Each structure stands twice: as structure tokens, then as C-alpha cells.
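Topology and contacts: notes
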Amino acid sequence: MKGHLKLIANGEVHELANVSIIGRSSECQIAIPDPRVSRRHAMIRKQDGGFYLFDLGSFNGSYLNGSRVTAARQLKNGDIISLAEHELQFQQNGGKVATNIDEMGDSTTALIRSTPVIILVSDIMGYTTMSEAMDSDELAQVIGAWYSDVETIISGAGGTVDKFIGDCVLAYWTKVDEDAIKAALQAAGKLFESCTRIQELHADIFEKIGGRFDIGLALHAGKVALGGLSQGESTLLGDPVNLTFRLESLTRELQQAALVTGDINRKIPAGYAGTKNLGVHKVKGRAQGVEVFALTTLPESCALVNQPNRPDT
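Residues numbered from 1 in each chain as written. Predicted model: local features only at pLDDT ≥ 70, side-chain atom pairs only at ≥ 80, totals over all residues. Heavy atoms only, no water.

1. Some details on the nonpolar core
For soluble globular proteins, nonpolar side chains are generally found buried alongside one another. By size, the foremost hydrophobic cluster in this structure holds 54 residues, and its most contacted members are Val142, Trp146, Ile154, Phe164, Trp173, Phe213 and Leu219. If one sorts the elements of this core by residue count, helix α3 (residues 178–201) sits on top with eleven residues. In this view, Ile154 contacts Leu120, Gly159, Thr160, Val161, Ala171, Trp173, Ala187 and Leu191; residues no more than four positions away in its chain are not counted. Membership of the second largest hydrophobic core comes to 19 residues, among which are Leu16, Ala42, Leu64 and Leu75. (Core = buried A, V, L, I, M, F, W, Y, C linked by side-chain atoms within 4.5 Å. Buried < 20%, exposed > 50% of the residue type's maximum accessible area, 1.4 Å probe, protein only. Helix = DSSP H or I, 4+ residues; strand = E, 2+ residues; numbered from the N terminus. Contact = heavy atoms within 4.5 Å.)

Next comes the structure, spelled out in C-alpha cells:
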């Protein structure tokens, strides 16, 4: 499956990569040198066998077929994206690729392999309440800033964003060694620092609704099936993925900002991050309990503060 963006004004066509940033900066994969376009204005990423459009907290907004983008939107062939007065048409060829290791006719299907990984899941606390309290322009700027920070932080730490699911992100590292554990913990610390940045950047919005920008976060390590949905795109499958999502949901029940399993805790280098044993907890869909630890301190980050009244999403 391939995707392209065609600039309607001049007919220029850009092939989309797994992640394509559109903006004023010359470092963007698709650069639009217009002061009304933000430096990093929007992002198109390949996930779940399709292409999704994200606004990255731009000042003037990203529009899909005339509607402002406030959350990830899957693109369809022929869709029109508008940034300021620039219109780009999305074009897609082909569909999902079968995910097995056999050859069918003249085309080779995508490989699925079993491999140990570190899994990170994080979501925005109180997202439903936030989205009801903010108008669409405010919500687009706040959520877009989070999308942008997450993509930058995870990739900068050597990880891969598997997908965004509304207000939630699933990411992974393809090794489970000391360096990868350090990288995942550093990323976690920077994600919490991002909350402070977003809160300060949009202080007027949060003051108006009387809320804060917070996230819950979970880390786990396990062996998963890592396979391709289409050329150049992989996704995680398996029980460890489900467990990490269940663990992240426990942040509300246990009133902790960040949780890790015993599999992660045993691999954290001495003195690199602080944890507190919270015992064994039952999670939905598993007969056996899970050993859970709270992250109390993170590298390059101040101590995590427990939040006793963490709102539901």
C-alpha cells in the first residue's frame, strides 16, 4: 500500500513515508514555506493498514474535507487536506498486505516474527471531560501538541510508535536489555515533562476549564508477534500488549501516575529509577495476578507525584 499527497496548486506529488511531517520547516518531509503554516503543522502516519492525519497543535489548524481535525482521522482516497489556503489531495494505491510468511503468486507477504520487546502505553487522563469543556480549536491545539511531543520523544529514544488510538499511544523497543530499559525510562520521564510544557503552553485554556493536563503510563516487557500490515509497517500482537493496556488502566485504581511490571522492575539498573512495590493485582482477562510497581522517580525528571483523584477517561 502506497500513499501520496498532491499539492493541488502546482500538481507536485509527494510519496508518504511511514511518518510524514508537513510544515513550514525545511526539515519537514513535505515543506510549505508559508508563515501561516506552523513549523511542524500536521503529521500523516501509516498505521492499522491505512494512513491517518494528525494536527500537531498548529495555530491555524488542519482541515480534512472542510472540518477541523481534533483527533486522528483516517484518510480515504481523494480526501482534501487544507493547511492555511494550501490544499493537498490524498491518493492511495493498494490495500492491506496479508500477514504471513508464505509467497502468494508474484507477491511476497509480510513476515511475522516472535520477539521480546519493551512495551509502553500512555493515555491522557480525563480526556472525555477535557473534550467536552474545550471548543474544537482549543482541543485541537492541546491534543495536537501531545501527538507531536509523543512522536518526537519516542523516536528520539530509539523506540517506535506502533499507533495512536484516540487519546492513547502504544509504543515499543525491539530489545530488552539495559540500554533499552534506560531509553524507555528516559522517554517516560520526558513524556511527563511534556505534560508540564503543554499545561504552561495552554495555561489560559486550562485555567478556563479548571483542569490539568496529565497522563497515565505503563511499561512491560514480553515476547510478542511483530508483523507487517503493509510494506514498511509493523504492529504488535500478543498477550503482553493486552497486559500493558490493562496495567495502564490500573493507574486510576491505584492512584499512581506510572506503573511497571515485575518484568521491567527486575531489569532496571541500580539507582536509575525509583520504584515502589504495590503487590500482586488482578487484571481483566488474566487468571493469574500481576506483580505491579509504581514508578516514583524517573531519569531526567523530578519525582512523580501521586495523583489521588485521577479522573476516568
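Anyway, onward from the coordinates.
2. Brief notes about the confidence of the model for the chain
A low pLDDT score tells you not to read the predicted coordinates there in detail. A residue-level look at the chain finds 87% of positions with pLDDT of 70 or above and a mean pLDDT of 88. Element-level mean pLDDT values for the chain span from 36 in strand β12 (residues 103–104) up to 98 in strand β10 (residues 80–83). Below a pLDDT of 50 lies the segment residues 96–109, which in the model reaches 25 contacts outside its immediate sequence neighbourhood of four places, other chains included. Scored below 50 in pLDDT, residues 307–313 shows 25 contacts in the model against residues more than four places distant or in partner chains. (pLDDT = per-residue confidence, 0-100.)

3. Digging into unusual backbone geometry
Backbone geometry follows two general trends: most residues other than glycine have a negative phi, and most peptide bonds adopt the trans configuration. Phi is positive for Asp48, which is not a glycine, with a value near 55 degrees. You can see Asp48 is positioned in the loop between β5 (42–47) and β6 (50–55). Among the residues examined, Asp48 registers a relative accessible area of 29% and is labelled partly exposed. One non-glycine residue, Ala84, lies in positive phi territory at about 55 degrees. Along the chain, Ala84 turns up in the loop between β10 and β11 (86–93).

4. Considerations on the sheet that holds strand β9 (residues 73–74)
With mixed pairing, five strands are arranged side by side in an open sheet as β4-β3-β5-β6-β9. In the strand order of this sheet, the two ends are held by β4 (30–31) and β9, each with one partner. As defined by bridge partners, β6 adjoins β9 across two bridges and the pair is classed as antiparallel. Directly across from Leu53, in β9, lies its bridge partner Arg73. Sheet strands in contact with helix α2 (residues 136–156) are β3 (19–23), β5 and β6, and its direction is about 120 degrees off that of β6. (Pairing = 2+ DSSP bridges. Axes fitted to C-alpha atoms, helices over the stretch in contact; angles between N-to-C directions.)

5. Here we look at the side chain of Asp149
Along the chain, the position of Asp149 falls in helix α2. With a relative accessible area of 14%, Asp149 lands in the buried category.

6. Thoughts on the sheet that holds strand β7 (residues 62–64)
Read from one edge of the open sheet, six strands run β2-β1-β11-β10-β7-β8, paired in antiparallel fashion. The open sheet has two free edges, formed respectively by β2 (13–15) and β8 (67–68), since each of these has just one partner strand. Of the pairings in the sheet, the one linking strand β1 (residues 2–7) to β2 comprises three bridges and is antiparallel in character. Following the sheet pairing, Leu5 is matched in β2 by His14.

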